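# Survey of secondary and tertiary structure
So the chains spell out like this:
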Amino acid sequence: MVEKKLKKGQAEGKFLAASIIVASVVVGGSIIWLGRSVQNIAGKGNLGGGVVAQQPQRQPQPQPPTPVQREEEEADRIDMSQISLPPPYRIKGNPNAKVTIVEYSDFQCPFCARWARDTLPQILQTYGDKVKIVFKHLPLPFHQFAQKAAEAAECAGKIGGAKAFWAMHDKLFQVGQPQGRLDVASLKQFAKEIGLDEKRFSQCLDTGETAQIVMEDMNESQRLGVRGTPTFFINGTAVRGALPFEAFKQVIDQELQKGG
């Protein structure tokens, strides 16, 4: 009887050990699959960037490395012919200037606002008719009010030309963004303050009349590999972020020395 119990216990122990091994393989396989899934998701970046989840540690089983599709690096220089001409009201400065600064921007972006308030005036004051500023829209998907703000600026330009576009540009960056006032009601109030026809502006904004124009800029930014705001191209040289005036001065001076 004792011998039978002993044999039975040994058999149960072997079954339990086998069960643990099977469970470990199943769990290990799930972890590896999860790791690959997270890896794949992380590989699919977006314009606004994203949080990359940390992969769980793999089981000690030797595995061949899983290839991960990597995004192309952002170019340090582009051919300016890749950038389409915007409506004329989005150009500030001398149209025939030797240096062209193209900005991809988002009206809800605090860094874009800081550049518009601090650096842009210094560039215009220092270089005058030697530079031309070209504004391009890139409302980031995680900025709730950025799209309508971009449409509002376009409506202003479409109705009132360059003077109205840049007046709205300044309102959005100097008041709207820092005060968190980029909702539709505030946009209409800004239009009133800069002297636009309120009824015409409301019609333009409410019907999405300029949404396609904004989308064209967004599509262009994707083709150029622009991933964040603000991004600038100075005669084709990329400058990323709200860098101080000195950083822009260095590139502008180099371009002027080359003849623009």
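Because the structure is a prediction, the values reported are computed rather than measured.

With that out of the way, let us pick up the packing of aromatic side chains. One pass over the structure, following the stated rule, counts ten aromatic pairs. Note on Y89 and F165: the rings are 5.8 Å apart at their centroids and 40° apart in plane angle, and the pair reads as tilted. Here Y89 is found in the loop between α1 (2–43) and β1 (91–93), whereas its partner F165 is found in helix α3 (residues 146–179), with 76 residues between them in sequence. Summarising the burial analysis for this pair, Y89 and F165 share the class buried. On the basis of an interplanar angle of 50° and a centroid distance of 5.6 Å, the ring pair of W115 and F248 is categorised as tilted. Within this pair, whereas W115 is found in helix α2 (residues 110–127), its partner F248 is found in helix α7 (residues 245–258), the two being separated by 133 residues in sequence. A relative accessible area of 0% means that F248 is categorised as buried. Taken together, Y89, F107, F135, F165, W166 and F173 form an aromatic cluster joined through their ring pairs.

Moving on, we come to the nonpolar core. Of all hydrophobic cores here, the largest spans 42 residues; its most connected members are I123, L172 and I252. Mapped onto this core, the elements with two or more residues apiece are β2 (99–105), α2, β3 (131–137), α3, α4 (184–193), α5 (198–206), β4 (231–234) and α7. If one sorts the elements of this core by residue count, α3 sits on top with eleven residues. Not counting residues up to four positions away in its chain, the partners in contact with L172 are F107, A149, A153, Q177, P178, L182, L187 and F190. Of all hydrophobic cores here, the second largest spans 14 residues; its members include I83, V102, V134 and L138.

What follows is about unusual backbone geometry. Between T229 and P230 the backbone carries a cis peptide bond, its omega angle lying at -10°. The topology assignment puts P230 in the loop between α6 (211–224) and β4. The phi angle at N235 is positive, at roughly 50°, despite the residue not being glycine. Among the secondary structure elements, N235 is positioned in the loop between β4 and β5 (237–240).

By definition, the strands of a sheet pair up through backbone hydrogen bonds, in either a parallel or an antiparallel sense. Taking strand neighbours across the sheet as the criterion, the five strands line up as β1-β3-β2-β4-β5 in an open arrangement whose pairing is mixed. Looking at strand neighbours, the two that pair on one side only are β1 and β5, the edges of this open sheet. Between one strand axis and the next, the sheet turns by 20° as a mean value, whatever way the strands run. Pairing analysis gives four bridges linking β2 to β4, with the strands arranged antiparallel. Paired with I101 across the bridge in β4 is I234. Across the face of the sheet, α6 comes into contact with β2, β3 and β4 while running at roughly 105° to β3. Along the sheet, α7 makes contact with β2, β3, β4 and β5, crossing β4 at roughly 20°.

Glancing now at the side chain of H169. Mapped onto the fold, H169 is located in helix α3. Beyond its immediate sequence surroundings of up to four residues, H169 is in contact with F107, A116, L120 and F135.

Under the defined criterion, the tally for this structure stands at one disulfide. Two residues share a disulfide in this structure: C155 and C204, whose sulfurs sit 2.1 Å from each other. Taking the sign of the S-S torsion, -85° for the link of C155 and C204, the bridge is left-handed. A residue pair is termed long-range when its members are at least 10 positions apart, and C155 in helix α3 and C204 in helix α5 qualify at 49 residues. An identical accessibility class is assigned to C155 and C204; each is buried.

Tracing the backbone through its elements, the reader meets A97 in the loop between β1 and β2. Overall, the relative accessible area of 13% leaves A97 in the buried class. Separated by 31 residues in the primary sequence, A97 and G128 place their C-alpha atoms 9.3 Å from one another. Setting aside its immediate chain neighbours within four residues, A97 contacts D129, K130, V131 and K132.

Attention shifts here to the packing of α3 against α4. The interhelical angle for the contact between α3 and α4, taken along N-to-C directions, is 115°, at an axis separation of 9 Å. Viewed along their axes, α3 and α4 form a crossing whose handedness is right-handed. Note on element contacts: α4 touches α3 through V184, L187, F190, A191 and E193, opposite K148, A149, A152, M168, K171, L172, V175 and G176. Residues of the contact of α3 with α4, tallied by class, amount to nine nonpolar, one polar and three charged.

What counts, and at which threshold
- Residues numbered from 1 in each chain as written.
- Predicted model: local features only at pLDDT ≥ 70, side-chain atom pairs only at ≥ 80, totals over all residues.
- Heavy atoms only, no water.
- Phe/Tyr/Trp six-rings, centres within 6.5 Å; stacked < 30°, edge-to-face > 60°.
- Helix = DSSP H or I, 4+ residues; strand = E, 2+ residues; numbered from the N terminus.
- Buried < 20%, exposed > 50% of the residue type's maximum accessible area, 1.4 Å probe, protein only.
- Core = buried A, V, L, I, M, F, W, Y, C linked by side-chain atoms within 4.5 Å.
- Contact = heavy atoms within 4.5 Å.
- Pairing = 2+ DSSP bridges.
- Axes fitted to C-alpha atoms, helices over the stretch in contact; angles between N-to-C directions.
- Disulfide = S-S within 2.5 Å.
- Left-handed = near helix turned anticlockwise from the far one by under 90°.
- Nonpolar A, V, L, I, M, F, W, Y, C, P; charged D, E, K, R; others polar.

This is a description of form; function is not addressed.
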